[in-house]
Amino acid sequence: MRRLTLLLAFAALSAGAQEIYDLLIKNGHVIDPKNGRNERLDVAVVGRRIAKVGRDLPAACARNVIDAGGYYVTPGLIDIHAYLDPNGPGRGLNPDHNTLRHGVTTAVDAGSAGWSTFEPFKREVIDQAVVRLLAFVDITAPAGARSDSGARAEESDIAAAVETANRYRQHILGFKAVVSDSAEWQPLERAIQAAARSGGVVMAHWQGAGEDRYRELVLERLRPGDILAPIYSRLNPWAGYPNALPAYLSEARRRGVLFDVGHGAAGFWFRVAAPALEQGLLADTISSGLDRDSVMLPGATLTNVMSKLLNLGMTLEQVIERTTVNAARAIRRPELGTLEEGAEADIAVLALERGQFAFLDSGRAKLTGRLRLRCALTVRAGKVVWDHDGLDAEDWQEAGPYSQFK
Amino acid sequence: MKRLLVPLLGCAVLWGQPYDLLLKGGHVIDPANGIDGPQDVAVAAGRIARLAPSVDASQARKVIDARGLYVTPGLVDIHAHVFGYAGSLLPDDTALLTGATTIVDAGGAGWRTFDEFRRTVIERSRTRVLALINIVGWGMLGPKYEDDVGDMDPKKTAEAVRKHRDVIVGIKTAHFSGTGWTAIRRAIEAGKLAGVPVMIDDKIFTNTGRSSRQKLLEIMRAGDIHTHVFNDRQVEIISRFDGKVQPYAWEARRRGVIFDLGHGAGSFLWPVATRAMAQGFYPDTISTDLHATSILATESDMANAISKMMLLGMSLREAIERSTVRPAQVIGRYPELGTLSEGREADIALFELRRGVFAYKDAWKKKMLGTERLECVMTIRAGRIAFDAKGLAFPDWREAGAYEVLP
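Keep in mind the model is a prediction, meaning the values are calculated, not measured.

About the thresholds
Residues numbered from 1 in each chain as written. Chains lettered and ligands numbered in written order. Predicted model: local features only at pLDDT ≥ 70, side-chain atom pairs only at ≥ 80, totals over all residues. Heavy atoms only, no water. Helix = DSSP H or I, 4+ residues; strand = E, 2+ residues; numbered from the N terminus. Rg over C-alpha atoms; globule rule 2.2 N^0.38 Å. Buried < 20%, exposed > 50% of the residue type's maximum accessible area, 1.4 Å probe, protein only. Contact = heavy atoms within 4.5 Å. Areas by Shrake-Rupley, 256 points an atom, 1.4 Å probe, with all protein chains shown as cover. Lys, Arg positive; Asp, Glu negative; His and termini not counted. Charge placed at Lys NZ, Arg CZ, Asp CG, Glu CD. Pairing = 2+ DSSP bridges. Salt bridge = Lys/Arg side-chain N within 4 Å of Asp/Glu carboxyl O. Buried area = accessible area lost by both parts, 1.4 Å probe. Polar contact = N/O pair within 3.5 Å; in protein donor to acceptor, adjacent residues only side chain to side chain. Nonpolar A, V, L, I, M, F, W, Y, C, P; charged D, E, K, R; others polar. Axes fitted to C-alpha atoms, helices over the stretch in contact; angles between N-to-C directions. Phe/Tyr/Trp six-rings, centres within 6.5 Å; stacked < 30°, edge-to-face > 60°. Lys NZ or Arg CZ within 6 Å of the ring centre and 35° of its normal. Core = buried A, V, L, I, M, F, W, Y, C linked by side-chain atoms within 4.5 Å. pLDDT = per-residue confidence, 0-100.

Colleague: Just to check I follow, could you spell out the overall build of chain A for this structure?
Modeller: If you tally the helices and strands in chain A, you get ten helices and 16 strands. Here the C-alpha atoms of chain A give a radius of gyration of 22 Å, agreeing with the 22 Å that 2.2 N^0.38 yields for 406 residues. With respect to the principal axes defined by its C-alpha atoms, chain A has extents near 65 × 50 × 50 Å. When the 406 residues of chain A are sorted by exposure, 62% land in the buried category. Of the contacts made within chain A by residues no fewer than 6 positions apart, 75% connect residues no fewer than 24 positions apart. By element, 48% of the accessible surface of chain A is carried by carbon and sulfur atoms, the whole surface being about 15600 Å². Charged side chains of chain A number 47 positive and 49 negative; the gap between the two group centres comes to 1 Å.

Colleague: What's the story with the pairing of strand β1 (residues 23-32) of chain A in this structure? I'm lost.
Modeller: On a regular strand, each side chain points to the face opposite its neighbour's, so the side chains alternate between the two faces of the sheet. Residues and elements named next belong to chain A. Counting buried positions over the ten residues of β1 gives eight, a clear majority of the element. Pairing between β1 and strand β2 (residues 37-46): eight bridges, direction antiparallel. The residue bridging L23 from the neighbouring strand is V45, located in β2. The hairpin formed by β1 and β2 contains four residues between the paired strands, and G36 there has a positive phi angle of roughly 65°.

Colleague: Teacher, can you tell me more about the pattern of salt bridges here?
Modeller: A side chain with one charge can pair with a side chain of the opposite charge if their charged atoms come near. In this structure the tally under the stated criterion is 49 salt bridges over all chains. In this structure, the salt-bridge partner of E189 of chain A is R221 of chain A, at a minimum N-O distance of 3.0 Å. Residue E189 of chain A is located in helix α4 (residues 186-198), and its partner R221 of chain A is located in helix α5 (residues 211-221); the two are separated by 32 residues in the primary sequence. When the shortest N-O distance is used, the salt bridge between E375 of chain B and R354 of chain B registers 2.8 Å. A residue pair is termed long-range when its members are at least 10 positions apart, and E375 of chain B in strand β14 (residues 366-381) and R354 of chain B in strand β13 (residues 348-361) qualify at 21 residues. With relative accessibility at 23%, the residue E375 of chain B sits in the partly exposed group. A relative accessible area of 22% means that R354 of chain B is categorised as partly exposed.

Colleague: When you look at the interface of chain A and chain B in this model, what are you seeing that I'm missing?
Modeller: Think of interface size as the accessible area that goes away when the parts come together; that is how it is often given. At the junction of the two partners, chain A supplies 50 residues and chain B supplies 48 residues. For the pair chain A and chain B, the summed buried area comes to about 4400 Å², and 59% of that belongs to carbon and sulfur atoms. The interface formed by chain A and chain B holds three salt bridges in total. One can count 22 residue pairs in polar contact (both at pLDDT 80 or more) joining chain A with chain B. Looking at the side of chain A that touches chain B, the elements that each hand over two or more residues are α7 (270-278), β13 (347-360), β14 (366-380), β15 (383-387) and β16 (394-395) of chain A. No other element matches β14 of chain A, which puts four residues into the side of chain A that touches chain B. Partitioned by chemical class, the residues of the side of chain A that touches chain B number 21 nonpolar, 13 polar and 16 charged. Relative to β14 of chain B, β16 of chain A is paired through two bridges, and the arrangement is parallel. Counterpart to E394 of chain A in the pairing with β14 of chain B is K366 of chain B.

Colleague: Would you mind showing me how to read the sheet that holds strand β10 (residues 201-206) of chain A here?
Modeller: Strand pairing in a sheet takes place through backbone hydrogen bonds and is either antiparallel or parallel in direction. All names here are of chain A. In spatial order, the strands read β6-β7-β8-β9-β10-β11-β12; together these seven strands make up an open sheet with parallel pairing. Two strands lie at the open edges of the sheet, namely β6 (77-82) and β12 (258-259), each paired on one side alone. Two strands pair when backbone bridges link them, and strand β7 (residues 104-110) and strand β8 (residues 132-138) are joined in this way by five bridges, in the parallel orientation. What sits directly across from V108, in β8, is L134. Sheet contacts for α4: β9 (172-179) and β10; angle to β9, the most-contacted strand, approximately 165°.

Colleague: It is not clear to me how the sheet that holds strand β11 (residues 225-226) of chain B should be interpreted in this structure. Could you clarify?
Modeller: Read from one edge of the open sheet, seven strands run β6-β7-β8-β9-β10-β11-β12 (chain B), paired in parallel fashion. If you trace the sheet from one side to the other, it starts and ends with β6 (75-80) and β12 (258-259) of chain B, each paired once.

Colleague: Any chance you could explain unusual backbone geometry here in plain terms?
Modeller: Excluding glycine, a negative phi dihedral is what most residues carry, and trans is how most peptide bonds are arranged. Of the consecutive residues A229 of chain A and P230 of chain A, the connecting peptide bond is found in the cis state with omega at -5°. Of the consecutive residues Y334 of chain B and P335 of chain B, the connecting peptide bond is found in the cis state with omega at 10°. By the element assignment, P335 of chain B lies in the loop between α13 (325-330) and β13. The backbone phi angle of D56 of chain A is positive, close to 50°, even though this residue is not glycine. Tracing the chain through its elements places D56 of chain A in the loop between β3 (49-54) and β4 (65-67).

Colleague: Got a minute to help me understand the packing of aromatic side chains in this structure?
Modeller: Two aromatic rings, taken as a pair, are described by how far apart their centres are and by the angle between their planes. In total, this model carries 13 aromatic pairs over all chains according to the counting rule given. Ring geometry for F118 of chain A and Y168 of chain A: centres 5.2 Å apart, planes at 50°, overall tilted. Here Y168 of chain A lies in the loop between α3 (155-167) and β9 and F118 of chain A lies in helix α2 (residues 118-124), a separation of 50 residues in the sequence. Each member of the pair, F118 of chain A as well as Y168 of chain A, is classed as buried. Aromatic ring contacts, followed pair by pair, group F118, F121 and Y168 of chain A into a single cluster. Cation over ring: R91 of chain A sits above Y83 of chain A, and NZ or CZ is 4.2 Å from the ring centre. The ring of F281 of chain B is capped by R253 of chain B, whose NZ or CZ atom sits 4.1 Å from the centre of that ring.

Colleague: So what exactly am I meant to see when it comes to the nonpolar core here?
Modeller: Of all hydrophobic cores here, the largest spans 200 residues; its most connected members are L188, Y232 and L309 of chain A together with F117 and F230 of chain B. If sequence neighbours within four positions are ignored, F117 of chain B has contacts with V82, F83, D105, A109, I122, V129 and A131 of chain B. If you look at the next biggest cluster of nonpolar residues, it comprises 24 residues, including A66, L350, M378 and I380 of chain B.

Colleague: I would appreciate a short explanation of the side chain of D301 of chain B in the present structure.
Modeller: Structurally, the position occupied by D301 of chain B is in the loop between α10 (292-297) and α11 (302-311). Buried D301 of chain B, no salt bridge; nearest opposite-charge side chain is R101 of chain A, N-O distance 5.4 Å. Side-chain polar atoms of D301 of chain B contact the backbone nitrogen of N304 of chain B, separated by 2.9 Å. Contact partners of D301 of chain B, with chain neighbours within four places excluded, come to T98, T288 and L290 of chain B.

Colleague: Would you take a moment to explain the confidence of the model for chain A for this structure?
Modeller: Summary statistics for chain A give a mean pLDDT of 91 and a share of 90% for residues scoring 70 or more. Segment residues 143-151 of chain A is flagged for pLDDT under 50; beyond a separation of four residues in sequence, or across chains, it makes nine contacts in the model.

Colleague: Could you clarify how one ought to interpret helix α7 (residues 212-219) of chain B in this entry?
Modeller: Count 3.6 residues to each turn of an α-helix, and residues three or four apart come out pointing the same way. By the burial criterion, the buried members of α7 of chain B are S212, K215, L216, L217 and I219 of chain B. The inward-facing, buried residues of α7 of chain B contact α6 (182-194), β10 (198-201), β11, α8 (247-255) and β12 of chain B.

And the structure:
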């Protein structure tokens, strides 16, 4: 019924009824891979939603006009891998300023909370955040005060995890598990069980183990649609011979396993990424892996990670695709990462700067490059929440008398 | 044998290269030492080892080419929010990214919550976190607590200062919406008992029974800090009738009252700031009032606040003085903090003065365009590189072989 109403509303619009736009972003170069757009277009917003994307939308119909000439206009970016619980005992950051300043309007916490701590995490962090915050639940996180060293998820925990995921379906995307030499398959298997029972995705975090184990992980254990990170880690068994990528990688991708960047403090190495990209191993999704250990050195904010990949040879459209439509698909939120009419108005206005720039990787090695992506303005649910370049601000001398000041 | 060899080798390296780090060719601004020109800065064992016109590059294990950059003492931000307050942020990803190596939490914790603040924030941060303790026992938890005169205990507060003397540098009173002088007098009483200054963030409306004039000229002591100087609601620094700086503001300054910027989301207005600055009424100390709202709306970090001061006529040298040695003096931490003097802990910031067109916003989202912006490119805390936006301290990946984490 609701769908029908929406359809009727759009039909009325296309029949020529003009709307008053709350916000009109004019003259920007729109890159919206989901809808195949890569050209100069205007974007109009009414309330919380995208009202129209088109050529030469009339400024006279807008209450507020932003001139984005010279900038790229994209769907609000989606960072599917970050650590955003500043109150926890871990390495989490404050969500809003570490996302919105970088064009990210949807961020996914990659396992700061376990099922037993999800409710307070939601109440204290998710519900307070301006950024849309979603989550993978850590399957190995212990209930209550139990020690987390070598914790094993018991059957009862899986039932509780499934119940939590079902109750908070709006926020929980699935389960996170670490795969390393020291652990058995158990954490991953539990994550897969819980995800299967709640209809979620598994995000596996590779922390280094033998090649047999990696092959088994990507060819047998992970299901199509499950996500493996970090793709450009030096701990990948193939990282030592990146000039001859093993066949099981392409086989895994054919199966539908998704490979994510997940930069973070230890997950991104130029010496792995550069040759891998040359051979066409492009991550399905680009994410920051941002936490307290990576926000300053090596600098893992999402636009920074995108800039690194740009300078390693990805195109602008490729990095936007991997932080919008691809990311939305990976987390099964196809309504996100798009500028289509009716979608929630999450928008990033990005500047592609040209000059001499340098970036560090997880090994603190430097890449110099000529491009840098910087977020100038961010719109979340129709509201301007970040405006570094003052595109939405009036000059103070034109502002007239301030109402409380003569 | 191997055990013996390693320290021996270490000694040999140290013997040949006495410095861990050398910042070479930068323009050093170290107002405490009267330096404003090219100098080299050498660091050893986490401390400033040498500040001299030229230090031989072979003397250091890592040399950073600082040509074209400004090198200053790590900035000291005496007004930030990293505990207790609803908009609190974490210290490191806010301060260290913008050149501040010392921040002072302005009243997040009171005597009831200070132990928790110390354990969960101060001891977990790389940034040096100091504090102004709130006169309210529960700290900055909102109006219900901040208006509770019964929870403003000067003795308990002074006791907490003595217990945490290494990190508490003063008292804070803020947001009191009741009438009369009780909150401010109790804070000053605690300040007297503990021998520390008081920072006052006071809303003065017509019905509070308080006046700015009396506060600045009679109630506050020399050395006490009036924050949010370019706000228009707490003290009318600028007369609405003639646009002049109030005579009592000048008089208070002569008395020794400290005027702090406390930029924040709501406390920096172009009409106030432009008039005050044009008449030479500069803030004594530049500080951010950094919190969840201000970091997004006005970008009130130290580098940005300094850029705004420069846009309104302050020289870079003066701005650095008011962001390093002056705040260190105001909180009683000079000469330990705010200088590049040899022997001090090596807290250092490197800045680039970028040219272009940049937008600066005030509390009401009005912008002023400027042609310069000070941008932090590197922060060193206790001799260790905490932030390096340009990769100045590290080698190119193509020349690093099968590198692991590089030193």
